[in-house]
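# Breakdown of the fold
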Amino acid sequence: RGQHATDAVVVALGSYTPLLLRKVGLRAPIYPVKGVSITVMAQGWNDPLTMPIIDDGRLFGLIPLGDRIRAAGSAEVAHYNTTPDRTRCQAIVDNVISVFPGFRHCYRPETAKFWAGLRPVTPSGTPLLGRTPVRNLYINAGHCHQGWTLSCGSARVVADIVDGREPEIDLTGLTFDRRH
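Report on the accompanying structure. Model, not experiment: these values are computed from the prediction.

Here the focus is the overall build of the protein chain. If you tally the helices and strands in the protein chain, you get 3 helices and 8 strands. Traced from its N-terminal end to its C-terminal end, the protein chain shows the element sequence β-α-β-β-β-β-α-β-β-β-α. Overall, the C-alpha framework of the protein chain stretches about 55 × 30 × 30 Å when taken along its three principal axes. Taken over 180 residues, the protein chain has a buried fraction of 39%. Excluding contacts between residues fewer than 6 apart, the proportion of contacts in the protein chain whose partners are at least 24 apart in sequence is 68%.

Take a look at the structure:
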């Protein structure tokens, strides 16, 4: 809030990046795509999962988190709606149980934690990094479902650009001025 004097600004607001950039006349092709997760206590599953897995064919990930297990997946274009869709959540649970039947022993709908978040998705599936057409305004957003995976590398690339250093990777197709 208010005014702040800066040398440079990096916009890194995930799905909300386009809303801020719109205020300075820029259109960022980043769209909010809702994903859901279901977190349950692992108790009841006699031989629970010990490492994360992704089943691309059945469109879910399963992650052990201490005494809990999280199942996640789905992709729904729902604008900025972050209400978990119970039908989508149940579809993920059904897919998990089809591969890991023991999951049914720990899944209790009445105690499960249902959550939805927004993935910042670009048409190409790759992030927007670096300079924008506005002087000293930079972007680091649009990482789709790989935000945590790509965050450190992307931050390094944008920091290099802001500091006037040559990034260590080729930015072809990753910059704000790319063809969409």
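Moving on, there is more to tell.
Paired through their backbone hydrogen bonds, the strands of a sheet run either parallel or antiparallel. Taking strand neighbours across the sheet as the criterion, the 5 strands line up as β3-β4-β5-β2-β6 in an open arrangement whose pairing is antiparallel. Single-partner strands in this sheet number two, and they are β3 (53-55) and β6 (113-121). Neighbouring strand axes in the sheet, compared pairwise and without regard to direction, differ in orientation by 25° on average. Note that β3 and strand β4 (residues 60-65) share 3 bridges and pair antiparallel. Paired with I54 across the two strands is G61, which belongs to β4. Docked against the sheet, helix α2 (residues 86-99) engages β2 (31-41), β3, β4, β5 (68-77) and β6, running at close to 125° with respect to β5.

Calculation notes
Residues numbered from 1 in each chain as written. Predicted model: local features only at pLDDT ≥ 70, side-chain atom pairs only at ≥ 80, totals over all residues. Heavy atoms only, no water. Helix = DSSP H or I, 4+ residues; strand = E, 2+ residues; numbered from the N terminus. Buried < 20%, exposed > 50% of the residue type's maximum accessible area, 1.4 Å probe, protein only. Contact = heavy atoms within 4.5 Å. Pairing = 2+ DSSP bridges. Axes fitted to C-alpha atoms, helices over the stretch in contact; angles between N-to-C directions.

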